[in-house]
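Residue-level listing of the chains:
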Amino acid sequence: MAQRETWTSRIGFIFAAVGSAVGLGNIWSFPFQTAANGGAAFLVVYLAAVFLIGFPTMMVEFVIGRRGEQNPVASFGKIGYNNWSFTGGLGLFSSLITLSFYSVVGGWVLSYIVGSATGAYFADAGAYFGSVASGPTAIGGHLVFMLLTIGIVASGVTDGIERATKVMIPGVLVLLVALAGWATTLDGATEGYSYYLSPDFGVIASNFGSIVPPAMGQAFFTLSLGFSVMIAYSSYLGRDDSLPADGGAIVVVNTLIALLAGFVVFPILFATGGAEGAGGGPGTAFVALAGAFGSLPAGGIIGFVFFAILLFAALSSSISLLEVPVSYVSENHGYKRSTTAVAMGGLIALIGVPATFGTSWLGFYNDLVFKLLLPISVLLLAVFVGWVADREAIDELGRGSSVGDSFTSAWLWWVRLVVPVAVIVTLYLGVKALSSGLASGAYF
Ligand code: PHE
């Protein structure tokens, strides 16, 4: 069998993982979730979820991946627990579904890059969204986005994924900083910042039940946890660097990029009418921002840059979602990586087609993943690492790091108790919302 690839350097791994983490979740959904859920109040709960639940969960995926050194399904068996492989398989399934609709949104982004150049959305942002979000244009965009993703993954772990993220992530960072700088000059900047940054603890207290599930879901999603992605990426480490240090860097950079996106989006929204109406579902974000670009001086250029950032961020995430099934099929069944990438990418493209029919299918896919599959995956992973493979996990976390025994045992107990409880609450609230959505015909 061919030698398994590994990242060329520690920085290569960190770039790839940051690339996976930084995506539509940070730049598109984070600011708008924040807008929809009371601004700074949501921000506080979200940050707590990222650092208190997300970071320890990232270590959970890392220890499985680096210990197993196989694709996310086979890694469980390699560690000695073959009967837990289905956990990796569940993450793989979520990756397929998620990429199928993520790519549809990626296709919208492509249309908005074109629209920024041609000015097509300036006059009527709502109508433009309607014309690109479903139907032939949406299918075309979806296919182009999938082709780009397939091309990178087919080229391999180091030549494809590592090389692409090393260009895209610095690009995202530099351009976002530039836009945030420009945004300070807008009329609505001060108002935007204050909505974004002054938490009203009363709002948190009285809306706790409705803020927690989206904040937790967003925290896992933005860190790419529960999809077997971080298991796959850490399986290419091939070296003993400190997992907590690498994970810490990834979480911090990912959070900074999301926060930075808020510094771009809120001033823009408040310069052109405020945050109301910006939080009502996947399309409103595009309509609200495009509407703003259409009315701001040099809005076309700003829009072009913004949507280019979004495209880079989305691609550096979509490749990680495709890598999960590709690594499994090529490794477990011996097919060539490039052939597998095309076949799997084609399958995913097909699954995504219904999401181009209208936003309700897309919403259903999204909610299925956020409210059901993702929390179940994280729960299983935490139980596996906390209670089943605990000795292996502790040993693996300690390898190459200087964190010491008290850190590792605190982590273990956290993973055993706190993470599952938090996830069970999220799962309960999520399933309730999903089933009432299904019953009330909100999707179909
Ligand atoms: N983290 C990515 C984002 O924020 C999405 C993603 C989820 C990527 C799961 C891979 C796995 O957009």
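In what follows, the structure referred to is the one given above.
Structure report, in brief. The shown structure was predicted, so the numbers you read here are calculated from the model rather than taken from an experiment. (Residues numbered from 1 in each chain as written. Predicted model: local features only at pLDDT ≥ 70, side-chain atom pairs only at ≥ 80, totals over all residues. Heavy atoms only, no water.)

## Describing the packing of helix α1 (residues 10-21) against helix α13 (residues 243-271)
Running from N to C, α1 and α13 cross one another at 40 degrees; their axes reach a closest spacing of 9 Å. On the basis of their axis angle, the class for α1 and α13 is oblique. By crossing handedness, the relation of α1 to α13 is classed as right-handed. For the pair formed by α1 and α13, the contact residues are Arg10, Phe13, Ile14, Ala17, Val18 and Ala21 on the first element and Ala245, Asp246, Ile250, Val253 and Asn254 on the second. Along the lines of polarity and charge, the residues of the contact of α1 with α13 split into eight nonpolar, one polar and two charged. (Axes fitted to C-alpha atoms, helices over the stretch in contact; angles between N-to-C directions. Helix = DSSP H or I, 4+ residues; strand = E, 2+ residues; numbered from the N terminus. Parallel < 35°, antiparallel > 145°, perpendicular 65-115°, else oblique. Left-handed = near helix turned anticlockwise from the far one by under 90°. Contact = heavy atoms within 4.5 Å. Nonpolar A, V, L, I, M, F, W, Y, C, P; charged D, E, K, R; others polar.)

## Re a nonpolar patch on the surface
On the surface, a cluster of nonpolar side chains totalling about 840 Å² of accessible area is made up of Phe51, Leu52, Val252, Leu256, Trp387, Trp413, Trp414, Leu417 and Val418. Examining the composition of the nonpolar patch, we find that four residues originate from one element, helix α19 (residues 405-439), more than from any other. You can see Trp387 is positioned in helix α17 (residues 359-388). Assessed through its relative accessible area of 44%, Trp387 is described here as partly exposed. (Patch = residues over 30% accessible without salt bridge, like charges linked within 9 Å, V, L, I, M, F, W, Y side chains within 5 Å. Areas by Shrake-Rupley, 256 points an atom, 1.4 Å probe, with all protein chains shown as cover. Salt bridge = Lys/Arg side-chain N within 4 Å of Asp/Glu carboxyl O. Buried < 20%, exposed > 50% of the residue type's maximum accessible area, 1.4 Å probe, protein only.)

## Side note on the site of the ligand
Among the 15 residues in the neighbourhood of the ligand, the closest are listed as Ala21, Leu24, Gly25, Tyr102 and Phe221. Leu24 is positioned with one of its backbone polar atoms (N or O) 3.1 Å from an oxygen atom of the ligand. A distance of 3.3 Å separates an oxygen atom of the ligand from a polar side-chain atom of Asn26. In the complex, 100% of the free accessible area of the ligand, which totals 320 Å², lies under the protein chains. (Near = heavy atom within 4 Å. Polar contact = N/O pair within 3.5 Å; in protein donor to acceptor, adjacent residues only side chain to side chain.)

## Here's the deal with the side chain of Arg416
Tracing the sequence through the fold places Arg416 in helix α19. Looking at Arg416, its side chain comes within polar contact range of the main-chain oxygen of Gly386, at 2.7 Å. Beyond its immediate stretch of four places on either side in the chain, Arg416 contacts Gly386, Trp387 and Asp390.

## Things to note about α17
Its 30 residues place the ends of α17 41 Å apart at the C-alpha level, agreeing with the 44 Å of an ideal helix rising 1.5 Å per residue. Of all the bends in α17, the greatest, near 35 degrees, is centred on Val369. (Expected span 1.5 Å × (residues − 1). Bend = angle between axes of the 7 residues up to and from the residue.)

## Considering helix α2 (residues 24-36)
Of all the bends found along α2, the most pronounced is centred on Phe30 and spans about 35 degrees, while Pro31, a proline, follows it within four residues. Most of α2 sits inside the fold, with twelve of its 13 residues counted as buried. Of all the residues in α2, the buried ones are Leu24, Gly25, Asn26, Ile27, Trp28, Ser29, Phe30, Pro31, Phe32, Gln33, Thr34 and Ala35.

## Quick notes on the environment of Gly398
By the element assignment, Gly398 lies in helix α18 (residues 390-398). A relative accessible area of 32% means that Gly398 is categorised as partly exposed.

## Quick look at the nonpolar core
Ile64, Phe306, Phe307 and Trp411 are the most contacted members of the largest nonpolar core, which totals 152 residues. The contacts of Phe306, once residues within four sequence positions are left out, are Ile27, Leu179, Val264, Val265, Leu289 and Phe293. (Core = buried A, V, L, I, M, F, W, Y, C linked by side-chain atoms within 4.5 Å.)

## Some words on unusual backbone geometry
Its identity as a non-glycine residue notwithstanding, Ser228 has a phi of 65 degrees, on the positive side. Assignment of secondary structure puts Ser228 in the loop between α11 (208-222) and α12 (229-234). In this structure, Ala298 takes a positive phi of about 60 degrees despite not being glycine. If you trace the backbone, Ala298 turns up in the loop between α14 (282-295) and α15 (299-333).

Nothing here speaks to function; it is geometry throughout.
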